[in-house]
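What follows is the residue order along each chain.
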Amino acid sequence: MTATRKYDNLVFLTGSTGFLGHYILAKLLNKDSTACRVLIRGSISDATTNLASLLEPLGVNLEGHLAAGRVEIVAGQLPDQLNPNWLTDVTHIIHAAASTRFRRLGNDPYRSNVDGTQALLEAARTAKVPRFCFVSTAYAGGIRIGNVPEEILNAPAVGCNDYENSKWLAEKLVMAWNGPGRVATIVRPSILVGDRARGRATAFAGIYLLARGVELLARAVENDRETDRHAVPLGIMGKPNVRPNLIPVCWAAEKLVRTVLESRDEPGILNLVNPAPPTSAQIKDWLEEYFDLRGGEFTDRVWPWENPSRYEEGFYSAGESILDYFLRDLTFTSSLSTGEFAARPLVDKLHFMKCLKFSARVQWGRATRVAHSAASESLDPAWYFEKYLVRHIPRSAASHISGFNAIVRFIIEGSCGGEWACRYVAGRLVETGRHATSLREQFGFRVKQGTFERIIRGKAKLQDAYFSGEANIFGDVLAALKMVPLMETFLHEFPVGLI
Amino acid sequence: MWMCLEELVTIPADGTSLNGQLAYSAAGRTPCALIAGSHPLLGGNMNSNVASSLRTGLAERNAAALSFDYRNPRSPGTSSADWARTVSEFWRTNHVPQEADWRNDTRSALAYLRSIAAAPTVLIGYSFGCHTIAGVAADSQAAAVICISPNPRDNDLSLFQSLQTPLLVISSDNDFSCTAGDLRLWYDSLGGPREIEIFSKAEHFFRGRERDLVCTVSRFLLAHGLIEE
């Protein structure tokens, strides 16, 4: 360990490449008294490159900090690849790494969020780290109505999703960690949006899914001469006066770092929330203005309802996030609320529009890591799902299957692997999202990277891979089987390597 | 166990032809088994793990076993538009008009099998194939019928109700296509001699359990004197 002892604080940070995590790291490095030890997954060289590119727009020169010994990067993974030596001399832990998967798939989000937190707490106890900050969520436990106190709920709420449940379980572990010489803080940010200056974001789940749903509506209306884009028949489940609690990521990081470094010697929970968030009606107005759409009406009906318009089917297929944002009627107790806020709302129309513009400019995150790997002969699945598929599917016979409406997730396991969710409407591929939370799938395929390559090159069949155990199906098996001939058609028409 | 021989065969069917694969032992061919596979629009084909393991497994027990591909829903001459219409219909309803052709294909495959092997016949349906053998079982004078992973909710299997041929039903306790309740309801509605075998956690596909499947089928055929120990 080379981090020098000339700093007052040595912070061990997990989740530094995440949306909030890299803002936290930037804020920590703004404090002259603080050095950081950063846990990353994968190879240190790749992670360093990735982290440097994330921090550069925030004005942070990672290379300089690494050279000065103010930042150390260690490679590992929670819960089972944690070297106890990494916590030597650490004064604070900020545990921001998390799986944001709403619904359970395999062991996640529980393995990452509960087992990972447990492992880190135990290591911190052994290493006698005095301060532990757990980054949770304002929605831990899945409460849907009423006031959220700065306390751990007695039990998860009915309808709590796996992400919220895992955070609730982890919060209980964190609070139990408190003891002589050990102070734990739980910080609960609400719904993150881009930063105040530019609307910059690096993850596009959460409220962004709602925005993407509206963008898709706009695109669908453009292709439909019979529908007036200012009278789109769309029932919006929710109430106009509900206030989705949006907070800018930069503000959340600043408050979190200040809370951690200036914390008293008492354990506590902080709801990191917006005291005056916009209403659902305001957000709806802003989205409609940005995408030049009108016609959405709030409704008390519960989706799915009978005889939906095709716009409603498309809109709601984006996933459960959309169902939730205008429904949860919550207020939050927050010890930050007194005297912390200026007159201007944290999130207003100007800021929200910046977020939308930034997201559109970076294609909702699709424009960041699309490359055919030149270093090796192997194919980058990101290139395949985000470029190749998008380019060729419109020319495939499979795109004429009007009855085919589904969101399909592909999990590619391997060094270049990842997750992609593809949304098909009337046979057309209308959206491809990366990461676990991008879209809620109806079914999916989990395939090893080498097998995936053989399949898309036309050298192997998905069915054979399934029966040999190299591929698996999850979710709606019947729908997955129905998709097999469609995929075979496309793979026959457009095998990689022959185009 | 006998040495198993396999050959690709062409089966005449309503003015067209079907691809088939025939397995038999070098020593003899008693009985002969027809294996009707799963739905072609769900990836079913004559070489699925269930069809191929039964085919070779039964041949090693001195039977002749034939599996076949239903006529291709996208055969040459089918326009892209027709194919798209067919698949769209399937996505909406789980059924397509071609299913009548596939029932006829099963009848054609049975006629072909009987033309090459004069022996008691066993009809084996897997998944959607249970539906296609239902259409021929009643008047086929089969010696035994075996339904693997039947789905009585989506496929019409009512023709089995009057069947008096010995019937073996094989399913799994976690078959995605059919709940235990639906299966039991259908099984209890049957009138003839029958037995049922429920595999634990074999899903719809018996992936990795193919050998157990062959053993179960063989035990049933042995009990009815259709194969020798």
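The text that follows walks through the structure, step by step, so that each part is easy to find.

What counts and what doesn't
Residues numbered from 1 in each chain as written. Chains lettered and ligands numbered in written order. Predicted model: local features only at pLDDT ≥ 70, side-chain atom pairs only at ≥ 80, totals over all residues. Heavy atoms only, no water. Core = buried A, V, L, I, M, F, W, Y, C linked by side-chain atoms within 4.5 Å. Buried < 20%, exposed > 50% of the residue type's maximum accessible area, 1.4 Å probe, protein only. Contact = heavy atoms within 4.5 Å. Pairing = 2+ DSSP bridges. Helix = DSSP H or I, 4+ residues; strand = E, 2+ residues; numbered from the N terminus. Axes fitted to C-alpha atoms, helices over the stretch in contact; angles between N-to-C directions. Phe/Tyr/Trp six-rings, centres within 6.5 Å; stacked < 30°, edge-to-face > 60°. Lys NZ or Arg CZ within 6 Å of the ring centre and 35° of its normal. Expected span 1.5 Å × (residues − 1). Polar contact = N/O pair within 3.5 Å; in protein donor to acceptor, adjacent residues only side chain to side chain. Right-handed = clockwise from strand over helix to strand, strands pointing away. Buried area = accessible area lost by both parts, 1.4 Å probe. Salt bridge = Lys/Arg side-chain N within 4 Å of Asp/Glu carboxyl O. Nonpolar A, V, L, I, M, F, W, Y, C, P; charged D, E, K, R; others polar.

Thoughts on the nonpolar core
Soluble globular proteins: nonpolar side chains tend toward being buried together.
Next, step 1: With 117 residues, the main nonpolar core has Tyr384, Phe445 and Met483 of chain A together with Ile146, Ile148, Phe160 and Leu221 of chain B as its most contacted residues.
Next, step 2: Every residue in contact with leucine 221 of chain B, bar those within four places of it in the chain, is listed here: Leu58, Val122, Ala144, Ile146, Leu226 and Ile227 of chain B.
Next, step 3: The next biggest cluster of nonpolar side chains, apart from the first, holds 86 residues, and it includes Tyr23, Val38, Ile207 and Phe291 of chain A.

Section: the sheet that holds strand β7 (residues 167-172) of chain B
Residues and elements named next belong to chain B.
Next, step 1: Taking strand neighbours across the sheet as the criterion, the eight strands line up as β1-β2-β4-β3-β5-β6-β7-β8 in an open arrangement whose pairing is mixed. What marks the edges here is a single partner per strand, and that holds for β1 (4-13) and β8 (194-199). When the angles between neighbouring strand axes are averaged without regard to direction, this sheet yields 20°.
Next, step 2: Where β1 lies against strand β2 (residues 16-25), ten bridges are found, and the strand directions are antiparallel. Bridging across to β2, threonine 10 finds its partner in asparagine 19.

Details of the packing of aromatic side chains
Next, step 1: Evaluation of the coordinates by the stated rule reveals 28 aromatic pairs over all chains.
Next, step 2: Relative to phenylalanine 452 of chain A, the ring of phenylalanine 385 of chain A has its centre 5.5 Å away and its plane inclined at 20°; by these criteria the two rings are stacked. Taken together, the residues span a long stretch of sequence, with phenylalanine 385 of chain A in helix α12 (residues 381-392) and phenylalanine 452 of chain A in helix α13 (residues 449-456) at a distance of 67 residues. For the pair phenylalanine 385 of chain A and phenylalanine 452 of chain A, a shared accessibility class is recorded, and that class is buried.
Next, step 3: Measuring from centroid to centroid gives 6.1 Å for tyrosine 70 of chain B and tryptophan 102 of chain B, while their planes differ by 45°, and the two rings are tilted. Of this pair, tyrosine 70 of chain B sits in the loop between β4 (64-68) and α2 (80-93) while tryptophan 102 of chain B sits in helix α3 (residues 99-116), placing them 32 residues apart in sequence. For the residue pair tyrosine 70 of chain B and tryptophan 102 of chain B, the accessibility class agrees, reading buried in each case.
Next, step 4: Connected via pairs of aromatic rings, a cluster forms that spans Trp383, Tyr384, Phe385, Tyr388, Phe410, Trp420, Phe443, Phe445 and Phe452 of chain A.
Next, step 5: Seen from the ring of tryptophan 305 of chain A, arginine 301 of chain A lies directly overhead, with NZ or CZ sitting 4.2 Å from the centre.

Here we look at helix α15 (residues 477-493) of chain A
Residue and element names in this part refer to chain A.
Next, step 1: The end-to-end C-alpha distance of α15 is 25 Å, a good match for the 24 Å that 17 residues give at a rise of 1.5 Å each.
Next, step 2: When you tally the buried positions in α15, you get 13 out of 17 residues, the bulk of the element.
Next, step 3: The distance from a side-chain oxygen at the start of α15 to the backbone nitrogen of leucine 478 is 3.2 Å, and the residue carrying that oxygen is aspartate 476.

Some remarks on the pairing of β4 of chain B
Residue and element names in this part refer to chain B.
Next, step 1: When you tally the buried positions in β4, you get five out of five residues, the bulk of the element.
Next, step 2: Here β4 shows no split at all, with Ala64, Leu66 and Phe68 on one side and Ala65 and Ser67 on the other all buried.
Next, step 3: Two elements, β2 and β4, share four bridges in a ladder whose sense is antiparallel. Counted as the bridge partner of glycine 20 is phenylalanine 68 from β4.
Next, step 4: By the bridge criterion, four bridges tie strand β3 (residues 32-36) to β4 in an arrangement that is parallel. Residue pairing in the sheet places leucine 34 in a bridge with leucine 66 of β4.
Next, step 5: Taken together, β3, helix α1 (residues 49-59) and β4 form a β-α-β motif whose crossover is right-handed.

Quick notes on the sheet that holds strand β1 (residues 9-14) of chain A
Residues and elements named next belong to chain A.
Next, step 1: Taken in spatial order, the seven strands of this open sheet run β3-β2-β1-β4-β5-β7-β11, and their pairing is parallel. Both edges of this open sheet fall to β3 (71-75) and β11 (268-272), since each of them pairs with a single strand only. Along the sheet, successive strands turn relative to each other by an average axial angle of 20°, direction set aside.
Next, step 2: Strand direction decides the pairing type here: strand β7 (residues 183-189) and β11, joined by five bridges, are parallel. Bridging from a neighbouring strand, arginine 188 pairs with asparagine 271 of β11.
Next, step 3: Of the strands in this sheet, β1, β2 (34-40), β4 (92-95), β5 (131-135), β7 and β11 touch helix α7 (residues 249-261), which is tilted by about 165° from β11.

Remarks on unusual backbone geometry
Next, step 1: Cis geometry marks the peptide bond from leucine 78 of chain A to proline 79 of chain A, where omega comes out at 10°.
Next, step 2: Note on placement: proline 79 of chain A falls in the loop between β3 and β4.
Next, step 3: In this chain, aspartate 108 of chain A is followed by proline 109 of chain A through a cis amide linkage whose omega measures 15°.
Next, step 4: With respect to the helices and strands, proline 109 of chain A occurs in the loop between β4 and α4 (110-127).
Next, step 5: If you check the backbone angles, asparagine 94 of chain B has positive phi at about 70° while not being a glycine.
Next, step 6: Looking at where asparagine 94 of chain B falls in the secondary structure, it is placed in the loop between α2 and α3.
Next, step 7: The phi dihedral of lysine 201 of chain B falls on the positive side, at around 50°, and the residue is not glycine.

Focus on the interface of chain B and chain A
Next, step 1: At the junction of the two partners, chain B supplies 20 residues and chain A supplies 23 residues.
Next, step 2: Summed over both partners, the interface of chain B with chain A comes to about 2,000 Å²; 66% of that surface belongs to carbon and sulfur atoms.
Next, step 3: Among the residues of chain B in contact with chain A, Leu42, Trp91 and Arg207 of chain B are the three that bury the most area, contributing 38% of the side total.
Next, step 4: The interface formed by chain B and chain A holds zero salt bridges in total.
Next, step 5: The interface formed by chain B and chain A contains nine residue pairs in polar contact (both at pLDDT 80 or more).
Next, step 6: Per-element tally for the side of chain B that touches chain A: the top contributor is α2 of chain B, with eight residues.
Next, step 7: Across the side of chain B that touches chain A, the residue classes tally to nine nonpolar, seven polar and four charged.

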